[in-house]
Amino acid sequence: MVLICRNYKGDVDMSEIDRFMHLLMQHEEEGLLCPVMSHGNVHFMWIKHSNLYLVATTNKNSNASLVYAFLYKLVEVFTEYFKELEEESIQDNFVVVYELLDELMDFGFPQTTDSKILQEYITQEGAKLEVAKSKVPTTVTNAVSWRSEGIKYKKNEVFIDVIESINVLVNANGSVMSSDIVGSIKLKTMLSGMPELRLGLNDRVLFGLTGRDKGKTVMMEDVKFHQCVRLSRFESDRTISFIPPDGESELMSYRINTHVKPLIWIESIIEKFSHSRVEIMVKAKGQFKKQSVANNVEVRVPVPSDADSPKFKTSTGNAKYVPEKNLVVWTIKSFPGGKEFLMRAHFGLPSVENEEMESKPPITVKFEIPYFTVSGIQVRYMKIIEKSGYQALPWVRYITQSGDYQLRTNV
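Keep in mind it's a predicted model, so treat the numbers as computed, not measured.

Draft legend 1. Examining the packing of helix H2 (residues 64-82) against helix H4 (residues 94-104) more closely. The interhelical angle for the contact between H2 and H4, taken along N-to-C directions, is 140°, at an axis separation of 12 Å. Taken as axis vectors, H2 and H4 run oblique relative to one another. The handedness of the crossing between H2 and H4 comes out as right-handed. Every residue of H4 that contacts H2 at Phe70, Leu74, Val77, Phe78, Tyr81 and Phe82 is listed here: Val96, Val97, Leu100, Leu101 and Leu104.

Draft legend 2. Layout of the side chain of Thr239. Checked against the element boundaries, Thr239 lands in the loop between helix H8 (231-237) and strand S10 (240-242). Since its relative accessible area comes to 13%, Thr239 is described here as buried.

Draft legend 3. Spotlight on the nonpolar core. The biggest cluster of nonpolar side chains holds 69 residues, and the ones touching the most others in it are Ile240, Phe242 and Ile264. The biggest single contributor to this core is strand S6 (residues 157-170), with 6 residues. Both of domain 2 (157-260 + 374-407) and domain 3 (264-370) provide at least three residues apiece to this core. With residues up to four places along the chain from it excluded, the contact list for Phe242 reads Leu187, Pro195, Glu196, Leu197, Leu199, Cys228, Val229, Arg230, Leu251 and Met382. Judged by nonpolar contacts, the second largest core, of 27 residues, contains Ala56, Leu85, Ile90 and Leu104.

Draft legend 4. How the structure looks around the environment of Asn167. Locating Asn167 in the fold gives a position in strand S6. Between the C-alpha atoms of Asn167 and Tyr405, which are 238 residues apart in sequence, the distance is 5.3 Å. Reaching out from Asn167, the side chain makes a polar contact with the backbone nitrogen of Asp404 at a distance of 2.8 Å.

So, how was this worked out
- Residues numbered from 1 in each chain as written.
- Predicted model: local features only at pLDDT ≥ 70, side-chain atom pairs only at ≥ 80, totals over all residues.
- Heavy atoms only, no water.
- Axes fitted to C-alpha atoms, helices over the stretch in contact; angles between N-to-C directions.
- Helix = DSSP H or I, 4+ residues; strand = E, 2+ residues; numbered from the N terminus.
- Parallel < 35°, antiparallel > 145°, perpendicular 65-115°, else oblique.
- Left-handed = near helix turned anticlockwise from the far one by under 90°.
- Contact = heavy atoms within 4.5 Å.
- Buried < 20%, exposed > 50% of the residue type's maximum accessible area, 1.4 Å probe, protein only.
- Core = buried A, V, L, I, M, F, W, Y, C linked by side-chain atoms within 4.5 Å.
- Domains from an automatic or database assignment.
- Polar contact = N/O pair within 3.5 Å; in protein donor to acceptor, adjacent residues only side chain to side chain.

Geometry only, nothing functional implied.
Here you go:
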């Protein structure tokens, strides 16, 4: 069932969308499901969010990355408006959805996609909606469409969060199979007027251009910026120069392809005695600086689906059995660097063997280490220039957290 539809260019028949679900099920049955499907000369590009499919149709060789960026932007904007994006929220707000679709794109070209700016003139109250139409904020037609004019704060500050997620896959023999770091720099801007900001990082390419090689530098790949960053300036001299959005935003994301030593190393011995019991011993070691502390550590150990009668013993923290997920979750609130902790678990097994071959999921680890980055990335400076000449304070915080962090087991 098509909930809502908007034809921007009129070059694809509206009835074409009726073929989408049939195509999707056909591809699924054949095991050939892919993000782009075609019927005749019409191409369907789609994403799924909760119980909804968001589909874009085209009969040209369109820029697929632009289409997908727009579809994900739609999800982001609708979620900002309706909190939960699902069938009911579209049905309950279809007038607002049509208004948003008209503002987000014009004749196939993305327009205003910043939800903060859209919320200034598209509201969820029908009465306000009519009034709002007559007065569109000047921001929409400005060169700086992501920031309103006339913003004022008593105290001017900008908070910078450098957050790095570590992805690690360790095989059953203890060798690191793959690892990388995915980072993002997030801002919370509380600045008056239209400030110009310049951010300096210990970027290896920049240091190479300027002939400086002092101290540690990082090589960033797959760098993606918020639309406020002047890309031409970055490409010419690696300066990150921008007029920031007000409030919270992600300024940039990056990836560092490097060999990462697992920060929390896990050794496990899982012994399964047929028809009687399974014994699990897990040792966790902090392989990071002693002055750092990992917070809210969770070690998730898979157990057989027919296990019962759990008993636990831990040197720190506490362990609990989560039967619906077939997991033991060992939680350690505070894990200092260089320390080792132990967890033992004992489960009973039924006398009748389960005939089905079970999968062997890996042990996964969740954690967060404040005031620390694995890559060594540093904010060297943040310059804030505004025509009124006010003084502003930049605050920087570094956080390392687990991403896709998996350690395979022998059993």
